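Notes for the structure review
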Amino acid sequence: MSDYTLFFNPMSRALIVQWAFAEAGVEPKLAMVEWEDKPAELLEANPMGKIPTIIHHAEFGNKVVSEAAAICHYLAEMEAPDLLPRAEEKADYFRWLFFAAGPAEAAITNRAMGWEPKDAKQEMTSGFGSFERVVDTLDIWFQSHDFTCGDRFTMADVYVGSQIDWGLNFSTLTDRPSFRAYQSRLQERAAYKATLGSLGD
Ligand SMILES: N[C@@H](CCC(=O)N[C@@H](CS)C(=O)NCC(=O)O)C(=O)O
């Protein structure tokens, strides 16, 4: 039996975590999730009924992790120490991992659903400020850095990269040369090709 169960649907953010598992060199057991008939095991593990959700069948007991960004980092902690940030990379790693899961995710999904802060007061109150500020901030970083932590791929790139990759693929993110160059670097990775490579075909 695999040490991990991944609740999965191929049309979902669970693909991010499938890529993370491939980067970690671990094969999870996939538990398929039909939207209209979610497995009881998923709802018991995560009452949100959201995927990705994983169960780690660890020697210290079954542990549930939800939230794609948290799962990516958890897998690096448990299975792939080479993909964790070194001391000098931690600031960039955590800054951009949380930025991608918070402000970037909110800016992209709010805009895709037709809502944006309508004035400076709403921008001040919303954690992402505005879609344009989020895009420009990421753009400035990737104009001068190959990866989230500079010149080395880490697990944060699976999550930060997925936001940019998906945003470009679904046209929910502004197309910028720095994003395209970052996306190309990610798409060269064997683990990306093995899990997400055929999606654009
Ligand atoms: N905050 C979650 C979002 C997960 C999420 O919204 N997943 C969608 C699929 S992409 C889902 O499970 N939707 C099913 C539902 O809400 O019933 C994360 O980042 O992992």
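Predicted model, so just to flag it, every value in this text is computed and none were measured. (Residues numbered from 1 in each chain as written. Predicted model: local features only at pLDDT ≥ 70, side-chain atom pairs only at ≥ 80, totals over all residues. Heavy atoms only, no water.)

With that settled, consider the site of the ligand. If you check the shell around the ligand, you find S12, R13, W35, K38, K50, I51, P52, E67 and A68 and nothing else. The contact in question runs from a nitrogen atom of the ligand to an N or O atom on the backbone of I51, over 2.7 Å. E67 places a side-chain nitrogen or oxygen 2.6 Å from a nitrogen atom of the ligand. Alone, the ligand offers 520 Å² of accessible surface; in the complex the protein occludes 75% of this. Within the shell around the ligand, the residues separate by chemical class into four nonpolar, one polar and four charged. (Near = heavy atom within 4 Å. Polar contact = N/O pair within 3.5 Å; in protein donor to acceptor, adjacent residues only side chain to side chain. Areas by Shrake-Rupley, 256 points an atom, 1.4 Å probe, with all protein chains shown as cover. Nonpolar A, V, L, I, M, F, W, Y, C, P; charged D, E, K, R; others polar.)

A few words now on the sheet that holds strand β4 (residues 61-66). Across the sheet, four strands lie side by side as β2-β1-β3-β4; this open sheet has mixed pairing. What marks the edges here is a single partner per strand, and that holds for β2 (29-32) and β4. Taken pair by pair, the neighbouring strands of this sheet meet at an average axis angle of 20°, ignoring direction. Of the pairings in the sheet, the one linking strand β1 (residues 4-8) to strand β3 (residues 53-58) comprises four bridges and is antiparallel in character. Residue pairing in the sheet places T5 in a bridge with I55 of β3. Strands in contact with helix α1 (residues 14-24) are β1, β2 and β3; relative to β1, the strand with the most contacts, it is inclined by about 150°. (Pairing = 2+ DSSP bridges. Helix = DSSP H or I, 4+ residues; strand = E, 2+ residues; numbered from the N terminus. Axes fitted to C-alpha atoms, helices over the stretch in contact; angles between N-to-C directions. Contact = heavy atoms within 4.5 Å.)

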